[in-house]
Amino acid sequence: MNRRLFLYAGAAVAAAAAGGYAYRARQSSTASSAPSAASGASTADPVAALRTLSLPDLDGKPHRIDQWQGRPVVVNFWATWCAPCVKEMPELQSLQEKYPKIQFVGIGVDKVANMRQFLQKVPVSYPLLVMEAGAIDTLRTLGNPAGGLPFTMVFNADGSINRKILGQIQFDDLDRTLGSLAV
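Just so you know, these numbers come straight off a predicted model, no measurement behind them.

**Q** Sorry if this is basic, but what is going on with the overall build of the protein here?
**A** Check the secondary structure of the protein and you find seven helices and seven strands. Every one of the 183 residues in the protein was classed for burial, and the buried ones make up 45%. Within the protein, contacts between residues at least 6 apart in sequence are counted, and of these 61% link residues at least 24 apart. Here the protein displays about 9300 Å² of accessible surface, and carbon together with sulfur accounts for 56% of that area.

**Q** What is the right way to read the pairing of strand 4 (residues 103-108) from this model?
**A** The side chains of a regular strand alternate between the sheet's two faces. Among the six residues of strand 4, six are classified as buried, and the element is accordingly described as predominantly covered. Alternating residues of strand 4 divide into Gln103, Val105 and Ile107 and Phe104, Gly106 and Gly108, and every residue in both groups is buried. Alignment of strand 3 (residues 73-78) against strand 4, held across six bridges, turns out to be parallel. Looking at strand 4, one finds that Phe77 is bridged to Ile107. You can see the chain leave strand 3, run along helix 4 (residues 83-98) and come back into strand 4, and the turn it takes is right-handed. Both strand 4 and strand 5 (residues 128-130) contribute to a ladder of three bridges, which runs parallel. Bridging across to strand 5, Gly108 finds its partner in Val130. For the segment spanning strand 4, helix 5 (residues 112-121) and strand 5, crossover handedness is right-handed.

**Q** Is there a simple way to think about the nonpolar core in this case?
**A** One broad trend across soluble globular proteins is that nonpolar side chains are buried collectively. Within the largest apolar cluster, 47 residues are counted, with the highest numbers of intra-cluster contacts made by Phe77, Met89, Ile107 and Leu178. When residues in this core are grouped by element, the largest group, five residues, is from strand 3. With near-sequence residues (within four places) excluded, Ile107 lies in contact with Leu50, Leu55, Ile65, Val75, Asn76, Phe77, Trp78, Leu129 and Met131.

**Q** Mind showing me how you'd approach the environment of Pro90 here?
**A** Within the secondary structure, Pro90 is located in helix 4. Between the C-alpha atoms of Pro90 and Val122, which are 32 residues apart in sequence, the distance is 7.2 Å.

**Q** In this structure, what is going on with the confidence of the model for the protein? I would like to understand it.
**A** Reading fine detail from the predicted coordinates is not recommended where pLDDT is low. Per-residue confidence for the protein averages 82 on the pLDDT scale, and 76% of its residues sit at or above 70. Taken as a whole, residues 9-42 scores under 50 in pLDDT and shows 31 contacts with residues more than four places along the chain or in a different chain.

**Q** I'm lost on the packing of aromatic side chains in this one. Help?
**A** For any pair of aromatic rings, the description rests on two quantities: the centre-to-centre distance and the angle between the ring planes. Overall, the coordinates contain three aromatic pairs when judged by the stated rule. With a centroid separation of 5.0 Å and an interplanar angle of 45 degrees, the aromatic rings of Trp78 and Phe118 are classed as tilted. Note that Trp78 is positioned in strand 3 and Phe118 in helix 5, a separation of 40 residues in sequence. For Trp78, a relative accessible area of 0% translates into the label buried.

**Q** Where do I start with helix 7 (residues 171-181) in this structure?
**A** Spacing of three or four residues puts side chains on the same side of an α-helix, whose turn is 3.6 residues. Among the residues of helix 7, those classed as buried are Leu174, Asp175, Thr177, Leu178 and Leu181. Projected down its long axis, helix 7 shows its buried positions confined to an angular sector of 165 degrees, all on one face. The outward face of helix 7, more than 90 degrees from its buried face, is lined by the exposed residues Asp172 and Arg176. Taken together, the buried residues of helix 7 touch strand 3, helix 4, strand 4, strand 6 (151-155) and strand 7 (161-166).

**Q** Help me out: how do you make sense of the packing of helix 4 against helix 7 in this one?
**A** It is at 11 Å that the axes of helix 4 and helix 7 come closest, and there the two elements cross at 25 degrees. Taken together, the axis directions place helix 4 and helix 7 in an arrangement best described as roughly parallel. Judged by the sense of rotation from one axis to the other, the crossing of helix 4 with helix 7 is right-handed. Here Glu91, Leu92, Ser94, Leu95 and Lys98 of helix 4 come into contact with helix 7, specifically with Phe171, Leu174, Asp175 and Leu178. Residue classes in the contact of helix 4 with helix 7 are distributed as five nonpolar, one polar and three charged.

The rules we used
In every chain, residue numbers begin from 1 and rise along the written sequence. In keeping with the predicted nature of the model, local features appear solely for residues at pLDDT of at least 70, side-chain atom pairs appear and are counted solely at 80 or more, and the whole-chain, interface and lining totals rest on all residues. Based on all heavy atoms of the structure, the side-chain values leave hydrogens and waters out of the count. Helical segments are the DSSP runs of H or I of at least four residues, strand segments are the runs of E of at least two, and each set is numbered from the N terminus. For every residue, the accessible area (1.4 Å probe, protein chains only) is compared with the maximum for its type, and the residue is labelled buried under 20%, exposed over 50%, or partly exposed between those bounds. The criterion used for residue contact is that any of the two residues' heavy atoms lie within 4.5 Å. In this description, accessible areas are obtained by the Shrake-Rupley approach with a 1.4 Å probe, and a residue is regarded as covered only by the protein chains that are shown. At least two DSSP bridges between two strands are required for those strands to pair. The handedness of a crossover follows from its direction of travel: if, with the strands pointing away from the viewer, the path from the first strand over the helix to the second runs clockwise, the crossover is right-handed. Take the buried residues of types Ala, Val, Leu, Ile, Met, Phe, Trp, Tyr and Cys, join any two whose side-chain atoms come within 4.5 Å, and each joined set is a nonpolar core. For every residue, the predictor reports its confidence as pLDDT, a number between 0 and 100. Only the six-membered ring of Trp is used, alongside the rings of Phe and Tyr, when aromatic pairs are assigned; centres must lie within 6.5 Å, and planes under 30 degrees apart are stacked while those over 60 apart are edge-to-face, with the rest tilted. Directions drawn from the helix axis to the C-beta atoms are what define this arc. In this analysis an axis means a line fitted to C-alpha atoms, helices contributing only their contacting stretch, and an angle means the value between N-to-C directions, from 0 to 180 degrees. Any angle that falls under 35 degrees is termed roughly parallel, while one over 145 is termed roughly antiparallel, one within 65 to 115 roughly perpendicular, and all others oblique. Crossings are sorted by hand: turned counterclockwise from the far helix by less than a right angle, the near helix makes the crossing left-handed, and turned clockwise it makes it right-handed. Throughout, the ten residues Ala, Val, Leu, Ile, Met, Phe, Trp, Tyr, Cys and Pro are labelled nonpolar, Asp, Glu, Lys and Arg are labelled charged, and all others, Gly among them, are labelled polar.

Structure (structure tokens):
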């Protein structure tokens, strides 16, 4: 148990440091690209900013979370280098198949090439979007102070947050939540 906690804490610290470094590097070379600036949403509502943020899929086509407004949505922030993320991907795929009226979206805190290579081993049928630099800061504004991965948000059909899950999902627990949304 202590070893697992140590590994999770170490991964969170490494992710936060890498994300902070990448974010600062990007900010110094480009204009501000915070979700609120890109979408016009108020910085006072980071969830609204996330829903309207345009993120590319693995082919570069932009998508916004609010395109699925009107149905429940599960947004999972993950990375190929994150062991708990990799472990939960098949479970998320299974839940997506069980609840076809609930939209699942994976947001990779990673490079497109890494994500494509990962999909060769662990295929998923739901959309995967890419959020590289600045992702850790976005996670913090969404209520994940450490910027740790995986981080899952469940949205109700009206776009409000049903729940947030920091760390690896517990299949049965998320299954119960989704079952109550699917009625």
